[in-house]
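Structural description and commentary
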Amino acid sequence: QVDVVESGGGLVQPGGSLRLSCTASGGSILSANTMGWYRQAPGKARVLVASISSSGSTTTTASVKGRFTISRDNAKNTLYLQMNGLKPDDTAIYYCNTDLRGDSLLPVGSWGQGTQVTVSS
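A brief look at the structure comes next. Treat the numbers as computed from the prediction; the structure is a model and nothing was measured.

**A closer look at the sheet that holds strand 8 (residues 78-83)**
Within a sheet, each strand pairs with its neighbour through backbone hydrogen bonds, oriented either parallel or antiparallel. Spatially, 4 strands are ordered 1-3-8-7 in an open sheet, and the strand pairing comes out antiparallel. Taken across any chain shown, the strands that pair with only one partner, and hence form the sheet edges, are strand 1 (3-7) and strand 7 (68-73). Direction aside, neighbouring strands of the sheet carry axes that sit 15 degrees apart on average. As defined by bridge partners, strand 3 (residues 18-25) adjoins strand 8 across 6 bridges and the pair is classed as antiparallel. Bridge pairing links Thr23 to Thr78 in strand 8.

**Section: the packing of aromatic side chains**
Summed over all chains, the structure comprises 2 aromatic pairs. With 6.2 Å between their ring centres and 85 degrees between their planes, Tyr95 and Trp111 make a pair best called edge-to-face. Here Tyr95, found in strand 9 (residues 92-101), pairs with Trp111, found in the loop between strand 10 (106-107) and strand 11 (115-119); they are 16 residues apart in sequence, far enough to count as distant. Taking the relative accessible area as the measure of exposure, Tyr95 reaches 9% and is therefore buried. According to the relative accessible area criterion, Trp111 is partly exposed, its value standing at 34%. One aromatic cluster is present, formed by Tyr38, Tyr95 and Trp111 through successive ring pairs. One Lys or Arg, Arg19, reaches over the ring of Tyr80 and ends 3.9 Å from the middle of that ring. Taking NZ or CZ as reference, Arg46 lies 3.7 Å from the ring centre of Tyr95, over its face.

**Regarding the state of the cysteines**
In the structure shown here, the tally under the stated rule is 1 disulfide. With its sulfur 2.0 Å from that of its partner, Cys22 forms a disulfide with Cys96. Negative torsions about the S-S bond denote left-handed disulfides, and the value of about 60 degrees found for Cys22 with Cys96 makes this one right-handed. Taken as a pair, Cys22 in strand 3 and Cys96 in strand 9 lie far apart in primary sequence, 74 residues in all. For the residue pair Cys22 and Cys96, the accessibility class agrees, reading buried in each case.

Parameters at a glance
- Residues numbered from 1 in each chain as written.
- Predicted model: local features only at pLDDT ≥ 70, side-chain atom pairs only at ≥ 80, totals over all residues.
- Heavy atoms only, no water.
- Pairing = 2+ DSSP bridges.
- Helix = DSSP H or I, 4+ residues; strand = E, 2+ residues; numbered from the N terminus.
- Axes fitted to C-alpha atoms, helices over the stretch in contact; angles between N-to-C directions.
- Phe/Tyr/Trp six-rings, centres within 6.5 Å; stacked < 30°, edge-to-face > 60°.
- Buried < 20%, exposed > 50% of the residue type's maximum accessible area, 1.4 Å probe, protein only.
- Lys NZ or Arg CZ within 6 Å of the ring centre and 35° of its normal.
- Disulfide = S-S within 2.5 Å.

Shown next, in the form of structure tokens:
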């Protein structure tokens, strides 16, 4: 099981953009894996925001649809989340998981420390 490191978070004004990266270390991300980005707001559960399959098919939760885009670069062992039109409700710690299993997309890969995204004026 590989370790992951999330980066790219920060403080941004409403309407701004950020690009998050998730880089694997200690091994390679399997190109056959479905991977995803999660977020956890204060006092709330961690939830799946976006996923991408081995074929490149993507899903996004309704609250970020049209604003967030997930992508992957298997050669670079990296997963990305492009976030545009950020809103205060997007404030959370963002985590990636590089191994989601089954129809329920159960996360079985390792978790990193996450990267904080704060949207505020």
